[in-house]
Amino acid sequence: MMEEAREGSLSVSAQTIRVTEAVRDGDALTFIVISQKLSGSGEYHVARTHEDFQWLQQCLFSQEVVPGILGVIFPPLPAKPQLNAPAKVLKQLGFLAMGEDWRMYCMALETYLQQVAAHTTLSKNKCLENFLTSSEPPGHQRARKGIFNRLSQAMEGMRKEGHKDVDDFFQTERDNNLTLTGCSKSATERFIDVVLTEQKLAVACGHFSTALHLCVEQEEDSAVLAFSKICVKLSEVIDSIKRNFESVAENNLSTLGLGLDLESRCQEAEKEMLYRRTCKLVELETASRNAERAKPVKKAAMDELKVAAEKEFDHVSGVAKQEIARFHSTHVELLRQALILWCEKQLETARDTSFRYSQHLQAFKGLGE
């Protein structure tokens, strides 16, 4: 389970945060966020755009005064929703873009906010409190560009994802993350193909069910009437098959599909953290070499830079180890819950479908009597 936010860090309960709906206004989406007050009864209701969520994420990134912030695995914010976008663009959102009511996307944003609010460090950020409780639109404020932007610029053209780590723990974690990132992305893409196929089959069954009614005639000939009755009953059976495909696809989307999407984005978030730490490792190694080669007149200054880089690297590594332990327990539990809910939903659908098929079978038997 996710860690509970420390007492006093937020005025709302992390687990009560809900994104209940997405309200569409032209080409824009506004998300309704509801959270329960910790003190007394009552709820906060706020309306937030995706730009507001981006502002919050940037505020979390910009906490320069927080020691070891580069070692934090930040909860992954879903990509911006695309309305009336072509299929190639929607593919970037995957499961989150399926369906016109954006329920999957609301659930993903809800999980994001709950993870931020349950994080012992991120939940202390005042921007989160304002985001959840203030009626003012926080996205209209301009977020500062923090250390992540400068780090990205400083390391431009110096990507060290393959740089050998000095710590076997982190090297193993990087290797495992590389494998899991590829596997989770592949599993998500394959599962999307499954859902799309189920949806296509449902549409085809709908067409077939409708077409069968074209065979129905009103003639008094007994053979024609019997055939018409069979077509009507068969149409009902095909319609039940259609509804079964729709239910199965919907279950796949809202349970395992959402779980796989989150798993894929979480692996990417850990990958980004590991890369940031690798960048600090490269900085430390560079500072160490500069200190060794420095001339006497610059030796003291270079040694000071080396000590500062070593201190920062050790702090980032310490936070990163704690984050990795928390990350594994959290994301494994979330995926386990998605798998359990997936099985429960599909079992419920199978029972309902079996009951309908039994009714259809009895109806067909009645035609022969």
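It should be emphasised that the depicted structure is a prediction, and the values quoted were computed from it without experimental measurement.

(A) Seen up close, the overall build of the protein chain. Regarding its fold elements, the protein chain presents eight helices and three strands. The N-to-C order of helical and strand elements in the protein chain reads β-β-β-α-α-α-α-α-α-α-α. Considering only contacts in the protein chain between residues 6 or more positions apart, those separated by 24 or more positions represent 75%. For the protein chain, the accessible surface area stands at approximately 20,500 Å², while carbon and sulfur atoms represent 55% of it.

(B) Main features of the packing of aromatic side chains. All chains considered together, the criterion is met by eight aromatic pairs. Ring centres of Phe 53 and Phe 131 lie 4.9 Å apart, and the angle between their planes is 70 degrees; on these two criteria the pair is classed as edge-to-face. Of this pair, Phe 53 sits in helix H1 (residues 50-61) while Phe 131 sits in helix H4 (residues 126-133), and the two are 78 residues apart along the sequence. Relative to Tyr 105, the ring of Trp 102 has its centre 5.8 Å away and its plane inclined at 90 degrees; by these criteria the two rings are edge-to-face. An aromatic cluster of at least three residues, connected via ring pairs, comprises Phe 31, Phe 53, Trp 102, Tyr 105, Tyr 112 and Phe 131. The ring of Phe 131 carries Arg 48 above its face, with NZ or CZ at 5.2 Å from the centroid. Above the face of the Phe 170 ring, Arg 277 is positioned so that its terminal group lies 3.7 Å from the ring centre.

(C) Quick look at the packing of H1 against helix H3 (residues 103-118). In contact at an axis separation of 13 Å, H1 and H3 are set at 25 degrees when each is read in the N-to-C sense. For the element pair H1 / H3, the angle class is roughly parallel. Crossing of H1 over H3 shows left-handed handedness. Together, His 50, Phe 53, Leu 56, Gln 57 and Leu 60 of H1 and Tyr 105, Leu 109, Tyr 112, Leu 113 and Val 116 of H3 make up the contact between the two elements. Partitioned by chemical class, the residues of the contact of H1 with H3 number eight nonpolar, two polar and no charged.

Reading the values: rules and limits
- Residues numbered from 1 in each chain as written.
- Predicted model: local features only at pLDDT ≥ 70, side-chain atom pairs only at ≥ 80, totals over all residues.
- Heavy atoms only, no water.
- Helix = DSSP H or I, 4+ residues; strand = E, 2+ residues; numbered from the N terminus.
- Contact = heavy atoms within 4.5 Å.
- Areas by Shrake-Rupley, 256 points an atom, 1.4 Å probe, with all protein chains shown as cover.
- Phe/Tyr/Trp six-rings, centres within 6.5 Å; stacked < 30°, edge-to-face > 60°.
- Lys NZ or Arg CZ within 6 Å of the ring centre and 35° of its normal.
- Axes fitted to C-alpha atoms, helices over the stretch in contact; angles between N-to-C directions.
- Parallel < 35°, antiparallel > 145°, perpendicular 65-115°, else oblique.
- Left-handed = near helix turned anticlockwise from the far one by under 90°.
- Nonpolar A, V, L, I, M, F, W, Y, C, P; charged D, E, K, R; others polar.

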